[in-house]
Amino acid sequence: MPEAFVAGLNDNTRSKAIDLLNARLADVVSLALAVKQAHWNIKGPGFIGVHEMLDEVADRLRDSSDLIAERAVILGGFAYGTAEVVAEKTTMAAYPLEEKDIQIHIEALRERFLNVGEKVRGAIGEAGEIGDDDTEDLFTEVSRQIDKDTWFIAANAPVKG
């Protein structure tokens, strides 16, 4: 394992944390790409507000992926965030490519945000179980942001009964 830049974590803990970080990195990068896919292709009522919001959401997801990737490297590992690795490793459902309806995009994004948010929330517990409090805290921060962006996106869906 390459040089680590942390003290107090054994090699086994660091290795498990790196694997956990890279698993969630694939999902967060995939989610950011889905947001951009929607941003580029949406059409319909509320377009400009949703279009601009999605740009901001994508920026926050890129910030989150940066935190995750950098933590993997700090722990002495490598960050695996190439398109090829993300396509192979993401647990997120494939995003619709040929869709323009803004409401279909909002629902597709809402579902994916909930799914990735659940996985990130699970990573909080896993990081705690292996004894890496800082990675646990990082995932808590990412989880909070994903929850907030899920709310922002879902708030654009039609109100149901």
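Given the structure is predicted, the values throughout are model-derived calculations rather than measurements.

(A) A look at a negative patch on the surface. Taken together, the side chains of D133, D134, D137 and E141 define an acidic patch exposed on the protein surface. Note that E141 resides in helix 5 (residues 133-154). Classification of E141 by relative accessible area gives partly exposed; the value is 43%.

(B) Geometry of the pattern of salt bridges. Per the stated rule, a full pass over the model turns up 10 salt bridges. A salt bridge links R62 to D59; the nearest nitrogen and oxygen atoms lie 2.3 Å apart. Separated by three residues within a single helix, R62 and D59 lie in helix 2 (residues 47-74), roughly one turn from each other. Under the relative-accessibility criterion, D59 is labelled partly exposed at 39%.

(C) Just helix 4 (residues 102-130), in detail. Taking 1.5 Å per residue, 29 residues should reach 42 Å; helix 4 reaches 42 Å between its end C-alpha atoms and fits that length. The opening residue of helix 4, the one whose side-chain oxygen lies 2.9 Å from the backbone nitrogen of Q103, is D101. Immediately beyond the C-terminal end of helix 4, within one or two residues, lies G131, with a positive phi of roughly 90°.

Cut-offs used in this document
- Residues numbered from 1 in each chain as written.
- Predicted model: local features only at pLDDT ≥ 70, side-chain atom pairs only at ≥ 80, totals over all residues.
- Heavy atoms only, no water.
- Patch = residues over 30% accessible without salt bridge, like charges linked within 9 Å, V, L, I, M, F, W, Y side chains within 5 Å.
- Areas by Shrake-Rupley, 256 points an atom, 1.4 Å probe, with all protein chains shown as cover.
- Salt bridge = Lys/Arg side-chain N within 4 Å of Asp/Glu carboxyl O.
- Lys, Arg positive; Asp, Glu negative; His and termini not counted.
- Charge placed at Lys NZ, Arg CZ, Asp CG, Glu CD.
- Helix = DSSP H or I, 4+ residues; strand = E, 2+ residues; numbered from the N terminus.
- Buried < 20%, exposed > 50% of the residue type's maximum accessible area, 1.4 Å probe, protein only.
- Expected span 1.5 Å × (residues − 1).
- Polar contact = N/O pair within 3.5 Å; in protein donor to acceptor, adjacent residues only side chain to side chain.

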